[in-house]
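Structural characterization, general
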Amino acid sequence: MRIVWMLVLLMLAGNVVAADYAREKKWADEVIPGVVVGDPVYLEQANGHKFLTLYTTAKDPKAALIIVHGLGIHPDWGLISVLRSQLADRGYTTLSVQMPVLANDAKASAYPATFPEASQRLQLAVAFLKAKGYQKIGIVSHSMGSRMSEAYLSAKPDPAIKAWVSIGMPGTADYRKLNMPVLDLYGQNDLPEVIKGAAARKAGLQGKPGSQQIQATRADHFFTDQDQQLVDTVAHYLNQQFK
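All residue numbers refer to position in the chain's written sequence, counted from 1. Only residues with pLDDT of at least 70 get local features here, since the model is predicted, and only at 80 or more are side-chain atom pairs given and counted; chain-wide, interface and lining totals rely on the full set of residues. Excluded from the side-chain calculation are hydrogens and water; included are all heavy atoms of the structure.

For Phe242, the position within the fold is in the segment after helix H8 (227–241). Residues Phe242 and Val35, 207 residues apart in the sequence, show an inter-C-alpha distance of 28 Å. What makes two residues a contact is simply this: any of their non-hydrogen atoms within 4.5 Å. For Phe242, the contacting residues outside a window of four places in its chain are Lys62, Ala63, Leu65, Tyr92, Lys136, Ile137, Gly138, Lys162 and Ala163. Going along the chain from the N terminus, every DSSP run of H or I of four or more residues is numbered as a helix, and every run of E of two or more is numbered as a strand.

Next up, the structure:
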């Protein structure tokens with residue numbers, strides 16, 4: 001009887017924090033008609049749910065990149081759109097992935113419950129790119145997307161993942177347990193929780209070959225009016241990793 005009640009409680013908890021697929025569909029319905037660069041591609045999870053990705057091929061690509069957006073948004077939003085399109089111009093095929101979202105009023109503290117599903121989506125993104133022939137893959141993530149990426153990379157990531165660019169990581173992160181080089185990038189005028197955790201994140205990069213932390217001058221959390229600096233910094237770092 002106790003086991004039955006535990007299962008019921010787990011099911012109820014799952015319903016409370018389940019990803020909002022209806023909201024994802026609304027995002028997709030809004031995004032797809034406006035896509036100019038790249039192609040919409042749906043990938044399917046184990047539960048049958050299909051989620052949107054935006055696939056943009058580069059000419060003579062150095063590698064492929066999975067672009068991971070932040071809290072509650074979509075794979076063509078703001079700086080994510082800039083990264084997915086302009087990094088393709090810099091020689092990197094990109095796959096921008098719709099990550100799990102919750103209701104519009106959900107707080108960031110509710111999102112860790114979505115991390116297992118986020119990890120599944122990232123693994124499916126890797127499998128898609130490998131099926132396209134890419135054996136060198138990087139992850140470029142922002143904000144909550146960086147926390148989701150950390151959860152995936154801290155477990156058993158695919159060995160094809162060769163580098164991670166973590167942008168605007170909230171709080172701290174234990175980069176020491178990861179097997180790939182990391183760029184921790186944040187803005188001079190970033191969110192307080194990002195800036196407060198910068199020293200601890202930097203400490204976690206010590207002794208990791210190819211890893212570094214960069215504070216972007218004048219940039220806020222969303223790199224407003226700093227597109228060029230954002231793309232230049234990320235592309236320069238990736239060029240060092242994918243020679």
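Here the narrative resumes.
The next subject is H8. Take the number of residues in a helix, subtract one, and multiply by 1.5 Å to get its expected span. Here H8 contains 15 residues, and its C-alpha end-to-end distance of 21 Å stays within 8% of the 21 Å for a straight helix at 1.5 Å per residue. Burial status follows relative accessibility: with a 1.4 Å probe on protein chains alone, a residue under 20% of its type maximum counts as buried, one over 50% as exposed, and anything between as partly exposed. When we look at burial in H8, the residues that qualify are Leu230, Val231, Thr233, Val234, Ala235, Tyr237 and Leu238.

We now examine unusual backbone geometry. In terms of backbone geometry, most residues other than glycine have negative phi values and most peptide bonds are trans. The phi torsion at Ser143 lies on the positive side, around 55°, for a residue other than glycine. Looking at the secondary structure, you find Ser143 in the loop between strand S5 (137–142) and helix H5 (144–153). Exposure remark for Ser143: the relative accessible area of 13% places this residue in the buried category. Positive phi, normally seen in glycine, also occurs at Phe223, with a value near 50°. Relative to the elements of secondary structure, Phe223 occurs in the loop between strand S8 (212–220) and H8.

Another point: the nonpolar core. Grouped together as the largest cluster of nonpolar side chains are 36 residues, with contacts concentrated most on Ile66, Leu129 and Trp164. Going through the elements one at a time, strand S2 (50–56), strand S3 (63–68), strand S4 (92–97), helix H4 (115–131), S5, H5 and strand S6 (161–167) are the ones with two or more residues in this core. In terms of residue count, the dominant contributor to this core is H4 (seven residues). Dropping the residues within four chain positions of it, Ile66 is found in contact with Leu95, Val97, Leu122, Ala125, Val126, Leu129, Ile137, Gly138, Ile139 and Val140. To form a nonpolar core, buried Ala, Val, Leu, Ile, Met, Phe, Trp, Tyr and Cys residues must be joined to one another through side-chain atoms within 4.5 Å.

Turning our attention to the pattern of salt bridges. Basic side-chain nitrogens of Lys or Arg form a salt bridge, by our definition, when they fall within 4 Å of a carboxyl oxygen of Asp or Glu. Under the criterion given, the structure shown has eight salt bridges. As a salt-bridge pair, Arg121 and Glu117 come within 3.0 Å of each other at their nearest N and O atoms. With a gap of four residues between them, Arg121 and Glu117 both fall in helix H4, about one helical turn apart. For Glu117, a relative accessible area of 15% puts it in the buried group. Here Arg176 makes a salt bridge to Asp174, at a shortest N to O gap of 3.1 Å. Given a relative accessible area of 27%, Asp174 falls into the partly exposed group. Look at the salt bridges and you will find they share partners, linking Glu24, Glu117 and Arg121 into a network.

Grid points spaced at 1 Å over the protein atoms alone were grouped into cavities, where a 1.4 Å probe fits but cannot get out, and pockets, open sets with protein on both sides within 12 Å along at least five of seven lines, with lining residues defined by an atom within 4 Å of a point. Grid points are joined across faces, edges and corners, and a volume is the space filled by probe spheres set on the points. Taken as a whole, the largest pocket spans an internal volume of roughly 220 Å³. Along its surface, the largest pocket is lined by 15 residues, and Leu71, Ser143, Met144, Leu191 and His221 are the ones closest to its centre. Class assignment of the residues belonging to the lining of the largest pocket gives a composition of eight nonpolar, five polar and two charged. Gly counts as polar in this scheme, as do all residues outside two lists: the nonpolar Ala, Val, Leu, Ile, Met, Phe, Trp, Tyr, Cys and Pro, and the charged Asp, Glu, Lys and Arg.

On the secondary structure map, His49 appears in the loop between strand S1 (39–44) and S2. Side chain to side chain, His49 and Glu24 meet in a polar contact 2.9 Å long. Look past the residues within four positions of His49 in its chain and what remains in contact with it is Tyr21, Glu24, Leu43, Glu44, Glu117 and Arg121. Two N or O atoms count as a polar contact when they lie within 3.5 Å, although within protein this holds only if one can serve as hydrogen donor and the other as acceptor, and sequence-adjacent residues are included solely when both atoms are side-chain atoms.

Quick look at the packing of aromatic side chains now. Ring pairs shown here join Phe, Tyr and Trp side chains whose ring centres sit within 6.5 Å, with only the six-membered ring taken for Trp; geometry is labelled stacked below 30 degrees between planes, edge-to-face above 60, and tilted in between. Here the structure, examined in full by the defined rule, presents four aromatic pairs. With centroids separated by 5.6 Å and ring planes inclined at 70°, the aromatic side chains of Trp77 and Phe222 adopt a geometry described as edge-to-face. Of this pair, Trp77 sits in the loop between S3 and helix H3 (78–89) while Phe222 sits in the loop between S8 and H8, placing them 145 residues apart in sequence. Note on Trp77: relative accessible area 28%, which makes it partly exposed.

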